[in-house]
Amino acid sequence: MNLIEQKISQAVRILQEHDIDLWLTFVRESATIPDPVIDMVIGQHCTWQTAWLISSTGQTIAIAGSLDVAAIKDKGHFKEVVPYVQGIGSTLLEVLNRLAPRSIAINYSTDSVMADGLTLGMYRLLSRYLEGTPYLDRLLSSQEIVATLRGRKTQGEIDRMQKAVDITLAIYDELVNVIAPGVTEKQIADYITRRAHEFGVEPAWERDHCPAVFTGPAHAGAHFRPTERCVEAGHVINTDFGVKVEGYCSDLQRTWYVRRAGERCAPAEVQRGFDVLIDSIHRAYDVLRPGALSWEVDAAARQTIVDAGYPEYPHALGHQVGRAAHDGGIGLYPKWERYGALPFGKVEAGQVFTIEPRLPIESYGVATVEEMVWVTDNGNVMLSKPQTELILI
């Protein structure tokens with residue numbers, strides 16, 4: 001059974017768990033506007049309006065324009081393919097009447113982008129097709145289905161992510177011979193990009209800031225492209241980088257200190273900041289267990305940093321990783337408005353999270369380390385070899 005078929009089987013079990021009869025992914029020209037679930041449970045694009053149906057009884061049905069039918073049958077993921085020529089509306093209703101679902105999950109969400117692939121235009125078309133039928137009132141968000149499906153990693157998914165992590169760490173290990181006073185952020189980033197290309201892998205997110213490289217106290221901050229700013233002695237420098245292997249991502253950060261002339265180790269204030277950061281990761285790791293609330297894990301790290309006299313980091317402690325670097329569902333979120341209801345979600349076995357606190361070290365830069373942790377029923381597994389010591393240049 002290939003990976004898509006494994007995820008479809010998972011989706012059927014998740015529908016049963018949530019007592020939802022049918023999951024409908026409704027798209028058109030999906031190569032141009034792809035729904036985030038396509039790569040996970042569909043595996044191909046279509047031109048005309050297409051309804052991809054997965055039922056709680058295990059039926060997989062594609063309702064598609066007639067010229068797309070051959071390609072869908074060739075893939076074989078959806079066992080029944082129903083063609084239409086002039087319009088999908090009547091054919092969709094015929095199939096729904098046959099299935100008679102009490103509830104239909106569709107891909108919209110106010111909290112999770114990975115479950116929000118249905119465009120407003122397609123929603124209005126779907127509503128028009130269902131007008132006057134009982135199905136219009138049976139529509140609900142697929143957010144819980146998508147979050148659970150993306151979160152419960154199969155061993156095959158973990159294997160791919162481990163390959164991505166290993167390549168990322170191998171490139172990071174080489175940077176002790178690249179980082180030096182006078183080298184620019186962009187030159188470091190170019191080296192990382194070249195090595196990733198030589199490994200035959202893609203960046204895990206947008207190329208303009210994958211990798212991100214920040215040196216010293218006067219930098220632009222996270223999610224910004226590398227600049228011509230030069231590394232100087234006395235700088236704390238950090239990088240944020242990940243790769244994609246066979247459709248699955250890594251996302252890791254590391255921190256270095258560039259010694260001044262005569263320094264054998266980092267200054268006390270730099271070392272203290274790094275040690276507090278690592279302690280906050282350990283505290284969060286200990287709380288990260290199946291059943292823990294999202295915000296509780298974030299709070300363990302956040303409070304450790306604040307109690308040590310540093311300002312709290314201006315973002316979540318971590319997010320899920322999978323087919324995307326930011327893979328949706330619950331993360332390790334504080335109870336802030338921007339995260340909606342997600343901070344109150346529970347951690348599940350199978351999920352892979354980043355743990356990525358940060359803190360400023362005045363006059364030196366920012367310390368930030370990001371690890372990837374796989375949550376299992378038998379305890380956590382670090383997919384990344386954790387950074388426990390400040391790397392000295």
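Look above for the structure.
Small disclaimer: the values here were computed from a predicted structure and weren't measured. (Residues numbered from 1 in each chain as written. Predicted model: local features only at pLDDT ≥ 70, side-chain atom pairs only at ≥ 80, totals over all residues. Heavy atoms only, no water.)

Participant: Help me understand the sheet that holds strand β9 (residues 236-241), please; the structure alone is not making it clear to me.
Facilitator: Spatially, four strands are ordered β8-β9-β12-β18 in an open sheet, and the strand pairing comes out mixed. On the outer flanks of this sheet lie β8 (212-215) and β18 (391-392), each paired with one strand and no other. Across six bridges, β9 lies against strand β12 (residues 252-257) in antiparallel orientation. Counterpart to Val 236 in the pairing with β12 is Tyr 257. Docked against the sheet, helix α8 (residues 185-199) engages β8 and β9, running at close to 150 degrees with respect to β8. (Pairing = 2+ DSSP bridges. Helix = DSSP H or I, 4+ residues; strand = E, 2+ residues; numbered from the N terminus. Contact = heavy atoms within 4.5 Å. Axes fitted to C-alpha atoms, helices over the stretch in contact; angles between N-to-C directions.)

Participant: Explanation requested: the sheet that holds strand β1 (residues 22-27) in the structure shown.
Facilitator: Pairing between the strands of a sheet comes from backbone hydrogen bonds, and it takes one of two forms, parallel or antiparallel. Pairing within the open sheet is mixed, and its six strands lie in the order β4-β3-β2-β1-β5-β6. At either margin of the open sheet sits one strand with a lone partner, and together these are β4 (80-84) and β6 (139-141). Shown here is a sheet whose adjacent strand axes are inclined to one another by a mean of 25 degrees, direction ignored. Two elements, strand β3 (residues 60-65) and β4, share five bridges in a ladder whose sense is parallel. The partner of Gly 65 across the bridge, within β4, is Tyr 84. Contacts between helix α1 (residues 3-17) and the sheet are confined to β1, β2 (50-55) and β3, with β2 contributing the most and set at about 65 degrees to the helix. Contacts from helix α5 (residues 120-130) reach β1, β5 (104-106) and β6 within the one sheet, and its direction differs from that of β1 by about 120 degrees.

Participant: Please clarify how the packing of aromatic side chains should be interpreted in this entry.
Facilitator: Two aromatic rings, taken as a pair, are described by how far apart their centres are and by the angle between their planes. One pass over the structure, following the stated rule, counts seven aromatic pairs. Aromatic side chains Trp 52 and Phe 78 sit 4.9 Å apart centroid to centroid with 65 degrees between the ring planes, which places their arrangement in the edge-to-face category. With Trp 52 in strand β2 and Phe 78 in the loop between α3 (69-75) and β4, the pair connects residues that are 26 residues apart, well separated along the chain. A centroid spacing of 4.5 Å and a plane angle of 5 degrees characterise the contact between Tyr 333 and Tyr 339, whose relative ring orientation is stacked. An aromatic cluster of three or more residues is present, and its members are Tyr 172, Phe 241 and Trp 256. (Phe/Tyr/Trp six-rings, centres within 6.5 Å; stacked < 30°, edge-to-face > 60°.)

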